[in-house]
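These are the residues of each chain, in order.
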Amino acid sequence: MITFILNNKTIKTSEHSGITLLDFIRYEQRLTGTKIGCREGDCGACTVLVGTLRNKIIEYQSITSCISPLGNAHGKHIVTVEGTNLKNKLNTAQEAMKANYATQCGFCTPGFVVSLTGFALSNSEKNYNNALDAISGNICRCTGYKSIEKAAHQVVEKLQNKKVTSFKRLIDNRFIPEYFESIPQQLEAIQTKELNQPKGKIVSGGTDLYVQQADNLIDNGVHLIADKDYLKGISIKNKTCTIGSNATVTDLWNHVELNQLLPNLRKHLKLVSSEQIRNMASFGGNLVNASPIGDMTIFFLALNSEITITNLEDKERRIALKNFYQGYKTYDLKDGELITNIIFNLPTNDTYFNFEKVCKRTHLDIASVNSGIYLSVENETILEAHVSIGGVAAIPKYLQETSAFLKGKLLTTQTIIDANQILQKEIAPISDVRGSSDYKRLLARQLFFAHFTELFPKQCNLNDFVQHA
Amino acid sequence: MHKNKSNSELDTKQDAVLTALKQSIKNLDSYTHVRGESLYVDDVNIRQGTFHAVVFDSPKAHGKIKNIDFSKAKALEGVERIFTYKDIPGKNEIGGIIADEPLFAEHEVHFWGMPIALIVAKTEFIARKARELIEIEIEELSVITTAKEAKAKGSFINAPRSFSLGDSKKAFKDCEYIFEGETFSNGQEHLYIEAQGAYAEPLENGNIKITSSTQGPTAVQKTVARVLGLAMHKIEVDVTRLGGGFGGKEDQATPWAVMAALATYHLNQSVKLILNRHDDLRMTGKRHPYESTYKIGLTKDLKILAYEAEFLQNSGAAADLSPAIAERTLFHATNSYFVPNVTTTVLSCKTNLPPNTAFRGFGGPQGMFVIESAIANAAHGIGVNPRQIQEANLLDENDTFSYGQIAKKVEAKNSWNSAKEIYNSDSLQREVEEFNKNNNAFKKGLAFMPITFGISFTNTPMNHARALVHIYLDGSVGISTAAVEMGQGVNTKIMQIAADVFSIPISKIKIETTNTTRVANTSPSAASSTADLNGKATLMACNSLLDRLKIVASEDLHSSEKNISLKDEYVYVNGKKTELSWTELISKTMLKRVALTENAHYATPEIHFDKTKEKGHPFAYHVYGTAIITTTVDCTRGTYEFDSVKIVHDYGKSMSKGIDLGQVEGALAQGIGWMTMEEIAYNDEGKLLSNALSTYKIPDIFSIPKEVEVIPLDTEGHELAILKSKAVGEPPLMYGIGAYFAIQNAIKAFNPNYNLKFHAPMTPEKVLMSLYSK
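Since the model is a prediction, treat every value here as computed from it, not as a measurement. (Residues numbered from 1 in each chain as written. Chains lettered and ligands numbered in written order. Predicted model: local features only at pLDDT ≥ 70, side-chain atom pairs only at ≥ 80, totals over all residues.)

Student: Provide a residue-level description of the environment of B:Gly738, including the pertinent values.
Tutor: Residue and element names in this part refer to chain B. Within the secondary structure, glycine 738 is located in helix α19 (residues 737–750). When the 29 C-beta atoms within 10 Å are taken as the criterion, glycine 738 is described as buried. For the pair glycine 738 and threonine 626, spaced 112 residues apart in sequence, the C-alpha separation works out to 9.9 Å. (Helix = DSSP H or I, 4+ residues; strand = E, 2+ residues; numbered from the N terminus. Buried ≥ 20, exposed ≤ 12 C-beta atoms within 10 Å, placed from the backbone.)

Student: Residues and numbers for the interface of chain B and chain A, please.
Tutor: Counting residues at the interface gives 65 residues for chain B, matched by 62 residues for chain A. Of all the secondary structure elements, the ones that give two or more residues to the side of chain B that touches chain A are α2 (30–35), α4 (124–132), α18 (657–675) and α20 (764–771) of chain B. Here the element with the most residues in the side of chain B that touches chain A is α18(B); it accounts for seven residues. For the side of chain B that touches chain A, a count of residues per class yields 28 nonpolar, 21 polar and 16 charged. (Contact = placed C-beta atoms within 7 Å. Nonpolar A, V, L, I, M, F, W, Y, C, P; charged D, E, K, R; others polar.)

Student: I'd like a description of the pairing of strand β29 (residues 707–712) of chain B, backed by residues and values.
Tutor: Within a regular strand, side chains alternate between the sheet's two faces. All names here are of chain B. Pairing analysis gives six bridges linking strand β28 (residues 639–649) to β29, with the strands arranged parallel. Looking across to β29, one finds that lysine 646 is bridged to glutamate 709. Note on the crossover from β28 through α18 to β29: the handedness is right-handed. (Pairing = 2+ DSSP bridges. Right-handed = clockwise from strand over helix to strand, strands pointing away.)

Student: Lay out the sheet that holds β29(B) with the relevant residues and their values.
Tutor: Residues and elements named next belong to chain B. Read from one edge of the open sheet, four strands run β16-β27-β28-β29, paired in mixed fashion. Every interior strand has two partners, whereas the edge strands, β16 (442–455) and β29, have only one. The average undirected angle you get between the axes of adjacent strands in this sheet is 15 degrees. (Axes fitted to C-alpha atoms, helices over the stretch in contact; angles between N-to-C directions.)

Student: Before we move on, could you go through the sheet that holds strand β17 (residues 381–390) of chain A and cite the residues and values that matter?
Tutor: Taken together, the four strands give an open sheet; going across it, the order is β15-β16-β17-β18 (chain A), and neighbouring strands pair in antiparallel fashion. Edge positions in the sheet fall to β15 (351–358) and β18 (397–398) of chain A, since each has one partner strand and no second.

Student: Mind laying out the nonpolar core, listing which residues take part and the relevant values?
Tutor: Within the largest apolar cluster, 382 residues are counted, with the highest numbers of intra-cluster contacts made by B:Ala53, B:Ile119, B:Ile210, B:Met259, B:Ala260 and B:Ala261. If we ignore the near neighbours within four places in the chain, the residues touching B:Ala53 are B:Leu118, B:Ile119, B:Val120, B:Ala127, B:Met259, B:Ala260, B:Ala263, B:Val271, B:Lys272 and B:Leu273. (Core = buried A, V, L, I, M, F, W, Y, C linked by C-beta atoms within 7 Å.)

Student: How would you sum up the domain arrangement of chain B? Please name residues and give values.
Tutor: Residues and elements named next belong to chain B. Taken domain by domain, chain B comprises domain 1 (1–38 + 416–458 + 609–774) and domain 2 (464–603). With centres defined by C-alpha atoms, the gap from domain 1 to domain 2 works out at 37 Å. Listed as interface residues are 16 residues of domain 1 and, on the opposing side, 15 residues of domain 2. Within the side of domain 1 that touches domain 2, the residues separate by chemical class into ten nonpolar, five polar and one charged. (Domains from an automatic or database assignment.)

Student: Quick one: what's the story with the domain arrangement of chain A, residue by residue and with numbers?
Tutor: All names here are of chain A. When its domains are assigned, chain A resolves into domain 1 (2–84 + 180–224), domain 2 (92–176) and domain 3 (229–468). Contacts between domain 1 and domain 2 engage 18 residues on the former and 18 residues on the latter. Contributions of two or more residues to the side of domain 1 that touches domain 2 are made by β3 (47–54) and β4 (57–64). Element by element, the count of residues in the side of domain 1 that touches domain 2 is highest for β4, at four residues.

Have a look at this one:
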């Protein structure tokens, strides 16, 4: 039985764990405030909150329920817009939306309200930028967002810039209804046993599988692994970082030490989908999805990562990520094998890392071209280089020859221009809906240049590249 | 000194806007919207035994159907029945303007996504699985995807239309400068977040009730009746609200409602048909792509003396609303400018795309993009700033439009000059130039975009509406009109009108669903004129009721009805409050057997248009405004951001300032989206490539301009606008056109070799390619 708390009600259901949480909420529970906009996590109209109990404290995250398997709700608190409603009055996020004219047709509105409530409940700092991140996965076609920005400002104001917000404080300030206070007890009381998992397609976050083949997953069994703790966690030991394949992009985003070591980490991760999706999407999933344009894959390729693969007998093998991919959507993984973690060396004082991505829309979009670079530089000499690039080959591409060329060279404009010549030979972009091959070639060059203007603004500038290239 | 003066003026105006926003009425649906309690078609409680339907559509853009095998699909457990054209008891015809569109393909398919059959099953999931099991054999015929190709092959929807004023051929001889060129503007997906859908229920005696997400309830009713071979009175269409429409549900909400009704007709069971997003994107039409050519001639002092343009409209596989949209392209071909010699022609080209349809602006934006391109090209050629040409040609009082209407109460120059002054545009321009001098990796661009947009359905007979107002015996009020609420706030405005006339609180007023049994034979909620038409009808109905109430009150209070007024739920005599309350007055009226219900009919006066001469006075009035758009282009990556959009907009006397500002901001974002990131792509076989939200991107919260300022233009308003509050739905979309030219100006600042191109949208791909073109 899948057991969870939906708003203030305990749900026990023997429904198929592979149906979407959205369908269950709307059509079995008749909670119609959660809307269907796209069924691929791209509009946010179906946003709900997931509360997870950890050490008697509940952490809430927003997700898009359209691409989330019902089974992943097991043992959780799921909050829909109805679950944020107060009796006969508006909650603070709702009041802010109303007062600022931030609702027109109303169809996307519940999603925004839930995201803003999730922001209030989250442990992020209560500033305007974080509020915007919280609604970054919500699309509105009516308002042009200026009124929604004002509503977000009002919500931030009401939270008075405090970081941690207790249930009591949020209840007193009309952000959430009173029943939230009883949720930790309720969650303990339902004491969920681990779900009996059928054999079937292995699904973690499901953020790509449910976009590509939802009907198929509903029809056939799914084997959910998102809750498997042994696949989670980020650990740092001896200048090496190990990330469980079940860790989410948000886990990386929130990791204090990693953010110190990679100061631009959040800037890079902000280019990866939306907060709702980052809360679900796992690294393992991104790797085995094998999209030639997968953001996190390109990111880890540039970090020259290795992956650990475990088979059914728990035997482990470790390979370089760059050797994992064999062709379009094919890779070195045998039946029963699972990627368990990703390992990479952490940057030091002499190393530099950058990630670039360009798409039609800067946020919540799939790249036309994305690229990562890792450089170790001493005395103007490149000691080590790893360059990766997506969207220009059948696989997420590690630029073997470009990287090798850079190694040992002086860091000069000419080196970079020459390296680009090699890069251009290594890539083979095709024309598709994300751009023509000519465009992708030019963009590959530009993003390669951008790595250097970003990392070495004193030595490198666009003008020099353009004039000499 | 000038700058300071201007800034303080701006501050004062901004303060006034903020104060007005605090006091202004909120959308009456806000409360249920934010609580997730507003009901849309997919939310209505469905009856026991309801079936669910999925459409089977053509997997090819053009061809002959050789064979379809439904046997496997029919055999799937849970499938109730599959309907095709053979099951249609009436006519297999859903065309509105021209009868050229079948509900289901018979022997040929004309576009990829053309409905062929309807699968009805116990659940949507089963119906979708059944769809996978249908086998179809199509003998492919040649596919046309572009308007140019269609023109070359002589494939048209109807005869071309031409407007002319003066003699452009002759006038070109007197021009100092002449420029010619080509432009392209792409289509645009509506992307209402609520997809198309309908729910049909059988009533007694073979009557059918349809809950539909449509802007045109009468269009649904009429078409269902035609297809089922029933009288219209047997069909009831009810609309609570839409989760966005933007024109996409004016005509194209109809087929899904008809299909659901057809299945209900045969099965005598309720049937729900909600398109999933992919089906919606693939099967429905969009804003029309236009390929156009122009010739513009100017005098030495930059006056546009002659303008010629030929617009090739990519209409898709059937007429839909294309002829009307083509017409509006001609109406707005000269935008805010007076050109004495004009010849414009539009050809509705028949292609193998889904029939393209209404989208906010309705052909107007496509026409305006061409003349703005012509001006930009001319300015580049002459070596002046485009705004000099724009400014030199702005429309003036008593100028004649190419369709014969004399421009009255013109605000083109007023809005332009106000924008210049309030926002200190000279200093904005200097800041841009200064920035570009000092930066290489980033360049800024600035563009002005004036707009002039005519209000009324250009098809004069459509400009009417009715309102049915009941005062219930407890003093509460219920109002039905033809207006469909889709987020534009029309219901709120109608409520305001009634509250104002009766002087009662809005809590005493309810706006009913839009229902064909209460208000019949309606025009769709479109052309920005819904509030004008339905508001005026409401005003008439309320005033008639008020007159009757005054007579009752005057008898009761022994005074002349001329001395009676209503204020805050009490009757006043000669401005003095009496004991007689609103509720008591209603009771007394009831006891005197005086009708507490009124039905009023409004038809816009003054307007007319003669299509044989292509001259007349089609618009009740025009809406004006000017936007100044500033962008920053990242010259390394080819991406861009909008720093600011500064607008002076002609609202007339806005009756709902918050709602109207929302319309301006929302339309602007859509206009910018159309000009920048929203890229519809079909392949040569006519298959939609931008077929999901992962491949078709609309603006998100990070991509909209950092700053949007909208200052109301100080004007008198217009009597034909409801309470002098001008229509606001469509006009501001065209401010977005300025985004294209702002980006282009930034590109020019980076790349002196760049050859101007007028090919929208200006995607990051086009920007990067242009930045580095040689």
